[in-house]
Amino acid sequence: MCGIVAYVGDRTAYPILIKGLQRLEYRGYDSAGIALFNGEGARVYKCKGKVKDLQALVRDKEVGGSIGMGHTRWATHGEPSDANAHPHASMHGTFHVVHNGIIENHVHLRSELARRGYAFRSETDTEVLANLIEDVYREQGVSAELAVRLALTRVVGAYGLVILCEDEPGRLIAARKGSPLVIGVGEGEYFLASDAMPIIEYTDRVIYMNDEEVAVITPDALDLKDLYNDVKTPEIKTIKLSIENVDKGEFAHFMLKEIHEQPFSVTDTFRGRVAAGGDKIVLGGILDVMPRLVEARRVIIVACGTSWHAALVGEYLFEKYARVPVEVEYASEFRYRDPIVDEGDLVIAISQSGETADTLAAIRRVKGTGATRLGICNVAGSSVSRETDAGVYTRAGIEIGVASTKAFTSQITVLAMMAFLLGSKRRTLPADEYRELVTGLTRVPEMIAGVLEQEAKIKEIAHLYKDAPNALFLGRGILFPVALEGALKLKEISYIHAEGYPAAEMKHGPIALVDERMPVFALATSDHLYEKTAGNIQEVKARGGKVIAIATRGNEEIRGLADQVIEIPPCHEALSPLLAVIPLQLFAYHVAVARGCNVDQPRNLAKSVTVE
Ligand code: M6R
């Protein structure tokens, strides 16, 4: 989604902003812009398209100045266009604004400002905000900072903002509510960004702004207040990300790199948390709330997209091993319901980014109910991790490909550890089975590596089906969520319509679609539901469908049933999602490449969905 980068210091801002915008490209965007200040007024360059289009636009233009702000826009209000790209100036040109988020009462504010003589050049809510700040500034004769604070008290919605006032050059004003903003602290310079990516090559010292905070930043000082003028003390944290983490290395795409990282990312997820002998799991982030978890009467998991699929796997694991009822909710629905939640409940938010607006809202929805709120996040210091009572980081490492891959397997790894641990503490999981599961988990990385070795074969299969108009993914039990995830991966990056279904549901509708042009993935590993799934494969074959089976090595029968077979090693049924998803990720990747799609930045998608 939209990205912000800004700089104040004594270096030339332009290269820092351009590099920063490139680092933010992974978030998804449709236009880009910068504003540069050299003490004599702002120069603003912006256009529809990519950062390279912006670079072409500014070629041969003046790009001096040691203060600046940049933005990548993911359209919400108004189509992608030069006029709607950020930065936006106020009508009299006093203020320049870049903004992430949505101003919900922009229609009302726009008509009020129009009545007061303001004109607008764009369709954006951001320009409304720029004019609102200018109106307060001119009418009340206050400082730029106070004008920003007063204007923001009238705003309903979410914002991460960087603002420059032409009357007060040499400083930037930043504000946050609901949309993240990170300040990088250098020596005589500060960096601002919507996430740490543009900052990490300059400093590892960062301040995560909190909601309703406003910062006034000069090269030498940072003053932090809340909207109501109370002084706040900035908390400087050290981040561990390094620039090597954000490089594609030998891989053609970040997505492919991240798929191949999974033997290591899953290991990182359980490293130091699982004892070698398989008899102990320690999750430091939830130790303090463990008695409440053990006593929980119900688990509610809220999430979106791929994280929601991981939650469904979690449902199977928690119910089977910890014998606690689980409800998995779309965060976007849960937040607007009137859910019945009390102190007996454990509410878990799963989010790779930790910034997904709906997931964050869902966790806020249950604040004050007495329920224990946990976060399972990948990004340290993210909003979900800060707004929950406790949690477990997935430690998958930075995920740049918009299509989530390694985050999914790490989320499942965390959910498995939690389910096994709770099962053991609640005495619903016998000690020998607990040991077997934990030991099995530690062997998963080498098994994933084995599945990855079949990439050439999976690529061939992808080429066979790359022109299919539709695809169906079938699974049962704990592999049903994997079917959903396989379909999501394919549609996200190849734009082929794909659906995931519980295998038995197929005959209640989707079977009507089956013909010789429709590839049907059947997740048919040798588990207690194998015979049932094999029956569903026969139903597809009887109607001329093409079946690609994901099956357990050693199953010879399946070769007579399916058109293609991709094998995964034998493993405990509970852990099979961690292996079965790998061929589906690779299949989606190779289909997308064969179709010439932009794998890492698929159309219309954003990495972190910070608006609802
Ligand atoms: O950062 P989150 O895990 O909260 O993101 C949730 C979804 O937006 C995300 O999983 C999305 O569905 C991905 N594009 C899936 O590949």
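None of the values given here were measured: they were computed from a predicted structure. (Residues numbered from 1 in each chain as written. Predicted model: local features only at pLDDT ≥ 70, side-chain atom pairs only at ≥ 80, totals over all residues. Heavy atoms only, no water.)

Participant: How should empty space enclosed by the protein be read in this particular structure?
Facilitator: To locate leftover empty space, one rolls a probe as large as a water molecule over the atoms. If you walk through the whole model with that rule in mind, you get one cavity of 30 Å³ or more. Empty space within the largest cavity amounts to approximately 70 Å³. Cys2, Arg73, Trp74, Thr76, His77, His86, His99, Gly101, Thr124, Asp125 and Thr126 together form the lining of the largest cavity. Split by residue class, the lining of the largest cavity holds two nonpolar, seven polar and two charged. (1 Å grid on protein atoms, 1.4 Å probe; cavity = no way out; pocket = protein on both sides within 12 Å on 5 of 7 lines; lining within 4 Å. Points joined across faces, edges and corners; volume = space filled by probe spheres on them. Nonpolar A, V, L, I, M, F, W, Y, C, P; charged D, E, K, R; others polar.)

Participant: Help me out: how do you make sense of the packing of aromatic side chains in this one?
Facilitator: Centre-to-centre distance and the angle between the planes together describe a pair of aromatic rings. The final tally for this structure, using the stated rule, is seven aromatic pairs. With centroids separated by 4.8 Å and ring planes inclined at 5 degrees, the aromatic side chains of Phe473 and Phe521 adopt a geometry described as stacked. Of the two residues, Phe473 sits in strand 20 (residues 470–475) while Phe521 sits in strand 22 (residues 519–524), which places them 48 residues apart along the sequence. Look at Phe473 and you get buried, because its relative accessible area is 1%. Through a chain of ring-to-ring contacts, the aromatic side chains of Tyr7, Phe191 and Tyr202 assemble into a single cluster. The side chain of Lys50 reaches across the aromatic face of Tyr29, ending 4.2 Å from its centre. (Phe/Tyr/Trp six-rings, centres within 6.5 Å; stacked < 30°, edge-to-face > 60°. Helix = DSSP H or I, 4+ residues; strand = E, 2+ residues; numbered from the N terminus. Buried < 20%, exposed > 50% of the residue type's maximum accessible area, 1.4 Å probe, protein only. Lys NZ or Arg CZ within 6 Å of the ring centre and 35° of its normal.)

Participant: How do you make sense of the sheet that holds strand 20 when you look at a structure like this?
Facilitator: In a beta sheet, neighbouring strands are held together by backbone hydrogen bonds and run either parallel or antiparallel to one another. Strand order in the open sheet formed by five strands is 21-20-22-23-24, with parallel pairing between adjacent strands. Strands with a single pairing partner mark the edges of an open sheet, and in this sheet they are strand 21 (497–502) and strand 24 (564–568). Direction aside, the axes of adjacent strands within the sheet are offset by 20 degrees on average. The strands touched by helix 17 (residues 530–541) are strand 20, strand 22 and strand 23 (546–552); relative to strand 22, the strand with the most contacts, the crossing angle is about 165 degrees. (Pairing = 2+ DSSP bridges. Axes fitted to C-alpha atoms, helices over the stretch in contact; angles between N-to-C directions. Contact = heavy atoms within 4.5 Å.)

Participant: Hey, could you run me through the domain arrangement of the protein in this one?
Facilitator: Think of interface size as the accessible area that goes away when the parts come together; that is how it is often given. If you check the domain split of the protein, you get domain 1 (3–244), domain 2 (248–451) and domain 3 (454–612). Its C-alpha centre places domain 1 at a distance of 43 Å from the equivalent point of domain 3. With 13 residues of domain 1 at the contact, the number on the domain 3 side is nine residues. Around 860 Å² of area is buried between domain 1 and domain 3 when both sides are counted, 55% of it from carbon and sulfur atoms. (Domains from an automatic or database assignment. Buried area = accessible area lost by both parts, 1.4 Å probe.)

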